[in-house]
Amino acid sequence: MAQYAILIYDTPDADDYTPEQRAASQRHADDLVDSGALITAYALRSADTATSLRGDVVTDGPFIDAKEVVAGICVVEAPDLDAALELARRNPAVQWGRGGVEVRPVAGGIPPLAR
């Protein structure tokens, strides 16, 4: 089965979720786990904690200055892009009108190595 990365975009102050929004996000994550589709997922700290590298230059802040920032990422398994889009469509971020999601096929990866 193919893997797809779902990048979750939100406003720069994405950590201001209401308790209801946090609960909706948790229900969505639980649904992905229960379906067996979720491979991994991570919420990211706010964009103002980012440090970017461009060549030899290190700067505070996200790589690009944008209205929306990457707030989290998850990787799911799905039989095809349409199925991955359906999983992504259920993400509450799509309905909140503050951001959205982007779905991309995973080209490859490196599993964690035992040391």
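Residues numbered from 1 in each chain as written. Predicted model: local features only at pLDDT ≥ 70, side-chain atom pairs only at ≥ 80, totals over all residues. Heavy atoms only, no water.

Caption draft 1: Just the overall build of the protein, in detail. For the protein, the helix and strand inventory stands at three helices and six strands. Each of the three principal axes of the protein carries a C-alpha extent, and together these read 40 × 40 × 30 Å. When burial is assessed residue by residue, the protein has 28% of its 115 residues classed as buried. Long-range pairs, those at least 24 residues apart, make up 76% of the contacts in the protein with a sequence separation of at least 6. (Helix = DSSP H or I, 4+ residues; strand = E, 2+ residues; numbered from the N terminus. Buried < 20%, exposed > 50% of the residue type's maximum accessible area, 1.4 Å probe, protein only. Contact = heavy atoms within 4.5 Å.)

Caption draft 2: Expanded view of the pairing of strand β3 (residues 51-54). Here β3 pairs with strand β4 (residues 57-60) via four bridges, running antiparallel. Bridging across to β4, S52 finds its partner in T59. Hairpin connection between β3 and β4: a loop of two residues separates the two successive antiparallel strands, and G55 in this loop has a positive phi of roughly 65 degrees. (Pairing = 2+ DSSP bridges.)

Caption draft 3: Molecular detail of the sheet that holds strand β5 (residues 69-78). If you walk across this open sheet you meet the four strands as β2-β5-β1-β6, and the pairing is antiparallel. The outermost strands of the open sheet, each flanked by one partner alone, are β2 (38-43) and β6 (100-105). Geometrically, the sheet is characterised by an average inter-axis angle of 20 degrees between neighbouring strands, direction not taken into account. Across five bridges, β2 lies against β5 in antiparallel orientation. Within β5, the residue paired with A43 across the bridge is G72. (Axes fitted to C-alpha atoms, helices over the stretch in contact; angles between N-to-C directions.)

Caption draft 4: Quick look at the nonpolar core. Membership of the largest hydrophobic core comes to 13 residues, with the highest contact counts inside it found for Y4, I6, V76, A78, A84, L87 and V103. Of all the secondary structure elements, the ones that give two or more residues to this core are β1 (2-10), β5 and α2 (81-89). If we ignore the near neighbours within four places in the chain, the residues touching V103 are Y4, A5, I6, L81, A84, L85 and A88. (Core = buried A, V, L, I, M, F, W, Y, C linked by side-chain atoms within 4.5 Å.)

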